[in-house]
Amino acid sequence: MKVYKDLHQYPELSGQEVNSAAKLAKEARKLGFDVTEKVGGTGVVALMKNGPGPVVMIRADMDGLPVIEQTGLDFASKVIATTEEGMETGVMHACGHDTHMTGWLGAARQLAARKNEWSGTLMMILQPAEERGRGARDMLNDGLFKRFPKPDYALAFHNSSAAPAGEIGYTAGYTLANVDSINIVVHGVGGHGAYPQSTKDPIVLASRIVSTLQTLVSRELDPQDPAVVTVGSFQAGSKHNIISDKATLLLTVRSYSDATRQQIIDGITRIAKGEAIAAGIPEDLMPEVTYKKEYTPSTWNDPDFTRQMAGVFAEHFGADRVKEGKPSMAGEDFGRYYRADNSIKSMIFWVGGVPQEIWDEAQKNGSKLPSLHSPFWAPQADKVVATGAEALTLATLKLLKK
Ligand SMILES: [Zn+2]
Ligand SMILES: [Zn+2]
């Protein structure tokens, strides 16, 4: 808890995790790990080679969020920092990555102390910039699986605001989604609001596009194949009596399989263009649909491996504390390690963080609890850290059994 409170009080933004990395690198060195810093930015790789056997990778992410903490904890963050966009902001571990780092250290301590019980290579990594979806990629591009051993197994946990403290949740198969951010610039022909006949109104056209986009998931996808198309921002116009010449739509798109992802992106492009044609927009003013090649890819939990590990957890913690759950439409870049090499058996699991009495109360009266990324999210850290550390230790001991 001393380590946790310190990490919590001094969070760092994505890509700026200098002190968090240094603190934990120092701890890992003390435990006898061979530590390399500055891998893919502020990333850390701590290796412990301990005889023949497979390679187990355990990953924790380090970044906090540009959120002003409002938990009222006596070790709440008061840190102010500047984002990459140059915005000054409060910083908070609102996604609970401080519990991941502390659980990581707990597992490192356990596994170093119990070295005589296992044989193989333990590769413990600290990853930057998860919240920007690029930390895993940056570490991989910096030779994570070339300069260091390629893992046979990859494990991580994420704290959860949707489960009571100390409960483990898992999903076999797709567990987290592809996340794409898509921009649509809808062009029109501007003019006076009183003379629509001499304009092409981009607000009416963009409204049609928004409506038609609703049919992508509801009418074009297999109902058994979940996806989300959300228009989160619609901006156009400046004044009552002016027809604008432009409207901008910002979308988030979520899916699991790469084929579905492509189908939705193609559908968005087709609908934007089709509606523009229907509105009589000239060829040179067709909507522009853009998205980044780099996106957060979906996370796949190897089903057999996940069930095997869930069995190990259930045996230790009791079946009532280990629950199979539904996949989430949130994103996580942990999936990139498996995507970099499909021979890796990979699993990320949830560790519940809501104090039991608050959880019970909310179940009774249906009240809403703060979610991850909320300025009020205060997980019961001792339970999250202990459960996470214990589960990672157990899994590793099982996989590297002598
Ligand atoms: Zn997050
Ligand atoms: Zn997170």
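The protein has the name Amidohydrolase in an unreviewed UniProt entry, where Bowmanella yangjiangensis is given as its organism.

This paragraph deals with the nonpolar core. Judged by nonpolar contacts, the single largest core of 46 residues is most densely connected at Phe33, Trp104, Met124, Phe313 and Phe349. Looking at this core, the element that brings in the most residues is helix α3 (residues 97-113), giving seven residues. With sequence-adjacent residues up to four places away left out, methionine 124 is seen in contact with Phe33, Val44, Val45, Ala46, Ile58, Trp104, Ala107 and Ala108. Membership of the second largest hydrophobic core comes to 24 residues, among which are Ile209, Val210, Leu221 and Val253.

Our focus in this paragraph is the coordination of the zinc ion (ligand 1). Around the zinc ion (ligand 1), the donor atoms from the protein are Cys95 (SG), Glu131 (OE), Glu131 (OE) and His373 (NE2), and they sit 2.0 to 2.7 Å away. For the zinc ion (ligand 1), the donor residues sit on a single chain with the sequence spacing C-x35-E-x241-H. Separating the zinc ion (ligand 1) from the zinc ion (ligand 2) is a gap of 3.1 Å, which cysteine 95 spans by donating to each of them. Highlighted residues: cysteine 95 in the loop between β5 (88-90) and α3 and histidine 373 in the loop between α9 (356-365) and α10 (381-399), separated in sequence by 278 residues. Given the relative accessible area of 37%, histidine 373 is considered partly exposed.

Relative to each other, helix α5 (residues 202-220) and helix α6 (residues 258-278) sit at 140 degrees, their axes nearing to 9 Å. At the point where α5 passes α6, the crossing takes the right-handed sense. Two secondary-structure elements touch here, α5 through Leu205, Arg208, Ile209, Thr212, Leu213, Thr215, Leu216 and Glu220 and α6 through Gln263, Ile264, Gly267, Ile268, Arg270, Ile271, Ala272, Glu275, Ala276 and Ala278.

Surrounding the zinc ion (ligand 2) are the protein donor atoms Cys95 (SG), His97 (NE2) and His158 (NE2), which sit 2.1 to 2.4 Å from the metal. Coordination of the zinc ion (ligand 2) draws on donor residues from a single chain, spaced C-x1-H-x60-H in sequence.

Another point: helix α7 (residues 303-317). The end-to-end C-alpha distance of α7 is 20 Å, a good match for the 21 Å that 15 residues give at a rise of 1.5 Å each. Buried residues along α7 sit in contact with β7 (153-164), β8 (168-170), β16 (299-301), β17 (322-324), β18 (345-354) and α10. Positive backbone phi, at 95 degrees, marks glycine 318, one or two positions downstream of α7.

How each quantity is defined
In this numbering scheme, every chain counts its residues from 1 along its sequence in written order. Chains carry letters from A onward and ligands carry numbers from 1 onward, assigned in written order. With the structure being a predicted model, the display of local features is reserved for residues of pLDDT at least 70 and the display and counting of side-chain atom pairs for 80 or more, all residues being used for whole-chain, interface and lining totals. Side-chain descriptors were evaluated using all non-hydrogen atoms of the structure, hydrogens and water having been removed beforehand. Throughout this description, the term nonpolar core refers to a set of buried Ala, Val, Leu, Ile, Met, Phe, Trp, Tyr and Cys residues connected via side-chain atoms within 4.5 Å. Summary of the burial criterion: residues with accessible area below 20% of their type's maximum are buried, those above 50% are exposed, and those between are partly exposed, where the area comes from a 1.4 Å probe applied to protein chains only. Helix numbers and strand numbers start at the N terminus; a helix is a DSSP run of H or I with at least 4 residues, a strand a run of E with at least 2. Here, residues are in contact when the closest pair of their heavy atoms is within 4.5 Å. With water omitted from the atoms examined, metal sites may look incomplete; donors here are N, O and S atoms no farther than 2.8 Å from the metal, or 3.2 Å in the case of Na, K and Ca. In this analysis, axes come from line fits to C-alpha atoms, helices being fitted only over the stretch in contact, and the angle between any two N-to-C directions falls in the range 0 to 180 degrees. In this scheme, a crossing is called left-handed if the near helix is turned counterclockwise away from the far one by less than a right angle; it is called right-handed if the turn is clockwise. A helix is expected to reach a length of 1.5 Å times the quantity of its residues less one.

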